[in-house]
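Observations on chain architecture
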Amino acid sequence: QEVAPAAFGRSFWIGLLVVGLVCSGMYFYRLGDWPWDVDEVASLEEMGLLDGTIHRRILHQNSIVVRLPRLVPIWYSVQKGLLHWLPTNEWGSRFLSAVCGVCAAMALYVWGWRWRGPRFAAALALLAGGCLLMVWLTQQNRFYTMALLWLVLAEAAIWSRAKHWGWLVMAVIFALLAIFT
C-alpha cells in the first residue's frame, strides 16, 4: 500500500527547524577546538592556502594528493572562495563541511516527509543526521559532506513521484555535482 505524501503544514516546518538546530548543535559544537589532521592540512595546501613545501618534498608530482584539486573541482572552488571570507583556521576550514552536513540532514528530512510521512522523516533524520560517522565527517576540512548533500538531492529527484521531466534534469545535475565534488 502506497503512502500519500504528507502536506507541508506547521508540524513539518517545526520538525525541519528542530532537525536543523539539533544537527547544527552537533556539527558546530567545538568545531575549531582541535588541530587539523594530516589530510585537512593537505586540502589547504592543495588550494594554495598554506605553504606546502614540506609535503611537496615528500609527495611525488603524480601522487593523488597533488592531483586531487583537479579531481574534485566543485569542493575546492567553493571552499577556496569561502576561505577568502572566513579565517583560514580550524573553524573556518571546517565551516563548509558542517553547513553541508546540516543541509544534507534537512534534505533527508524533507525527502522522508514527502516519501513516507512525518514518522519516517524523523527516523531518517535521526539515523542519518545523528550518526557518529556523520558528526565526524562534518567536522573535517574535506569534501565528503558536500558530495553527500548532492547525492541526497539526486536520490530525492530520482525517487520523486512527480512525472515531470524536470526531475530527471535535476537528478542528472545533482549527480554530476556529486561526482565532481
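For the structure, check the block above.
Summary of the structure given here. The structure presented is a predicted model; accordingly, all values stated were derived computationally and were not measured. (Residues numbered from 1 in each chain as written. Predicted model: local features only at pLDDT ≥ 70, side-chain atom pairs only at ≥ 80, totals over all residues. Heavy atoms only, no water.)

This paragraph deals with the packing of aromatic side chains. For the structure shown, the criterion picks out nine aromatic pairs. Ring geometry for Phe12 and Trp13: centres 4.8 Å apart, planes at 80°, overall edge-to-face. Judged by centre distance (5.8 Å) and plane angle (45°), the ring pair of Tyr109 and Trp113 falls under tilted. Of this pair, Tyr109 and Trp113 are both found in helix 6 (residues 90-116), four residues apart, which corresponds to roughly one turn of the helix. Residue class for Trp113 comes out buried when judged on its relative accessible area of 4%. Through pairs of rings, three or more aromatic residues link up here, namely Phe12, Trp13, Tyr109 and Trp113. (Phe/Tyr/Trp six-rings, centres within 6.5 Å; stacked < 30°, edge-to-face > 60°. Helix = DSSP H or I, 4+ residues; strand = E, 2+ residues; numbered from the N terminus. Buried < 20%, exposed > 50% of the residue type's maximum accessible area, 1.4 Å probe, protein only.)

All chains considered together, the criterion is met by one salt bridge. Where Arg30 meets Asp33, a salt bridge forms, and the shortest distance between an N and an O atom there is 2.7 Å. Arg30 sits in the partly exposed class, given a relative accessible area of 46%. (Salt bridge = Lys/Arg side-chain N within 4 Å of Asp/Glu carboxyl O.)

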